[in-house]
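# An overview of the molecular structure
So the chains spell out like this:
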Amino acid sequence: MTWKHSFVGAGLAVLLASSLTARADVVTLTDGSRLVGQVERLSGGKLKLVTEFAGALEIDAAKIESLTTEGKINVKLPSGDRLVGPVIGQKGDRSTIQTAVGDVDVQIAEADAIWPEGALSPEEIAAQEEIDARIGKWSFTAETGITNREGNTDRLDAMGAMVLQRKSSKDLLQFYLNGQYGEQNGIRNVAEVIGGIFYENNITDRFYWFVRNEAEYDEFESLDLRYTLTTGPGYYWIREPDHELKTHLGLGYLHESYRDPPGGSRDTAQAEVGLSYFVDLTEWMRFAHMTTWYPTFESLNDYRLISDTHVLMPLGTSDMWKFKIGAQYEYDPIPQPGRVSLDELYYANIVLELKEQ
């Protein structure tokens, strides 16, 4: 490489760096700190600044000493007036905005709202979020896990699950399907499928009612069909975006039909008592637990107890892919002949999560 090429390359680098710097907004704090980034908005006394080195930062407006911007911004004042233009400098405790009718000095910390020209205002964003929350958004989750062992014993185990969900501020609708399959030495020894619909509707911020419609098939439990339909009330003990605890109590109908004994079936009343919990341990790790008890009214020992405990974490840098490790337990004190009371499953699954934007 000649000195000419080096000089040209260095010149281009300087020009590029200068252009990047020129396009940046600068926030100076009362303690003398200087932050460089892009102003996204100011509302509720907080300024959101997107930086290259630390991502999005939220700054208390009262701690802002001065602000300069390369591009035009909207500044809404407490009087209701709105100014549009770049912030070009500081005069004492006031910032100078270069508007179409001349320079205007304002106190940035006292502004009701700030947002870039051409972007939605904080009020418009809040209104859109409220509409989205009421209408709800769809999401789809699919997970699978497969283990294959060869040697003295050849064994294949696979499980999968799919959930299609619409969640709004008023209700929750889920369509779900999950199954398990297993072979040992080429002979199938596990084949189970469960599918259903779950709906939850908020009565208040804490109370809700639910309905669940579910069907199950299990070849090695000789179960041709287990159909349940339950409904009842529920309550959120904790309801935060990153921390949730809820319980529910339902009553309903249970139908079971078996191949062994041939023609064996029953129809009875059934209750559903459930607990669901999750907490975000960190920004990238979630712990979750679910337990559901299904007692009938025929005998104290006639019930099923199902639980699932897992940890969910991202897989790579994409928000779509996650890794899920956990354990499932199903206890039936009166199992079918040849079956044990406790059915255990330990899994490590790959999860794909798609969300409507």
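Residues numbered from 1 in each chain as written. Predicted model: local features only at pLDDT ≥ 70, side-chain atom pairs only at ≥ 80, totals over all residues. Heavy atoms only, no water.

## Details of a nonpolar patch on the surface
Together, Leu249, Val273, Trp293, Leu305, Tyr329, Tyr331, Leu342 and Tyr346 line one region of the surface with nonpolar side chains, adding up to about 700 Å² of accessible area. Among the secondary structure elements, those contributing two or more residues to the nonpolar patch are strand E22 (321–331) and strand E23 (342–355). With respect to the element layout, Trp293 can be found in strand E20 (residues 286–295). Exposure remark for Trp293: the relative accessible area of 37% places this residue in the partly exposed category. (Patch = residues over 30% accessible without salt bridge, like charges linked within 9 Å, V, L, I, M, F, W, Y side chains within 5 Å. Areas by Shrake-Rupley, 256 points an atom, 1.4 Å probe, with all protein chains shown as cover. Salt bridge = Lys/Arg side-chain N within 4 Å of Asp/Glu carboxyl O. Helix = DSSP H or I, 4+ residues; strand = E, 2+ residues; numbered from the N terminus. Buried < 20%, exposed > 50% of the residue type's maximum accessible area, 1.4 Å probe, protein only.)

## Describing the nonpolar core
If you look at the biggest cluster of nonpolar residues, it comprises 21 residues, and the most contacted ones within it are Val27, Leu47, Ile59, Val75 and Ile114. For this core, the secondary structure elements donating two or more residues are strand E1 (25–29), strand E2 (34–43), strand E3 (46–51), strand E5 (64–68) and strand E6 (73–76). Counting residues per element, this core draws most heavily on E2, at 3 residues. In this structure Leu47 touches Val27, Val39, Arg41, Leu42, Leu57, Glu58, Ile59 and Ile64, once residues within four positions along its chain are discounted. In terms of nonpolar packing, the next biggest core, distinct from the first, is built from 7 residues, Ile194, Phe198, Phe210 and Tyr236 among them. (Core = buried A, V, L, I, M, F, W, Y, C linked by side-chain atoms within 4.5 Å. Contact = heavy atoms within 4.5 Å.)

## Things to note about the pairing of E20
On a regular strand, each side chain points to the face opposite its neighbour's, so the side chains alternate between the two faces of the sheet. Looking at chain direction, strand E19 (residues 264–280) and E20 are connected through 8 bridges and run antiparallel. When the bridges of E20 are listed, Tyr277 appears paired with His289. What sits between E19 and E20 in their antiparallel hairpin is a turn of 5 residues. Relative to strand E21 (residues 303–314), E20 runs antiparallel, the two sharing 10 bridges. Opposite Ala288, over in E21, you have His310 as the bridge partner. (Pairing = 2+ DSSP bridges.)

## Considerations on the pairing of strand E17 (residues 223–240)
Relative to E17, strand E16 (residues 207–218) runs antiparallel, the two sharing 11 bridges. Residue pairing across strands places Asp218 opposite Leu223, the latter belonging to E17. The hairpin formed by E16 and E17 contains 4 residues between the paired strands, and Ser222 there has a positive phi angle of roughly 55 degrees. Sheet analysis places E17 next to strand E18 (residues 243–258), joined by 14 bridges and oriented antiparallel. Within E18, the residue paired with Leu229 across the bridge is Tyr253. A loop of 2 residues connects E17 with E18, the two strands running antiparallel in sequence.

## Observations concerning helix H2 (residues 122–135)
Since one α-helical turn is 3.6 residues long, residues separated by three or four positions face the same way. Compared with the 20 Å implied by 1.5 Å per residue over 14 residues, the 20 Å span of H2 between its first and last C-alpha is a close match. Just past H2, the residue Gly136 takes up positive phi, approximately 90 degrees. (Expected span 1.5 Å × (residues − 1).)

## Some points on empty space enclosed by the protein
One pass over the full model with this rule turns up 1 cavity of 30 Å³ or more. Approximately 50 Å³ is the volume found for the largest cavity. Every residue lining the largest cavity is listed: Lys167, Ser168, Lys170, Asp171, Leu172, Glu200, Asn202, Tyr236 and Arg239. For the lining of the largest cavity, the elements supplying multiple residues, two or more each, are strand E14 (171–184), strand E15 (187–202) and E17. For the lining of the largest cavity, a count of residues per class yields 2 nonpolar, 2 polar and 5 charged. (1 Å grid on protein atoms, 1.4 Å probe; cavity = no way out; pocket = protein on both sides within 12 Å on 5 of 7 lines; lining within 4 Å. Points joined across faces, edges and corners; volume = space filled by probe spheres on them. Nonpolar A, V, L, I, M, F, W, Y, C, P; charged D, E, K, R; others polar.)

## Comments concerning the side chain of Ser139
For Ser139, the location among the structural elements is in strand E12 (residues 137–149). Filtering out sequence-adjacent residues up to four positions away, Ser139 remains in contact with Val163, Leu164, Gln165, Leu354 and Lys355.

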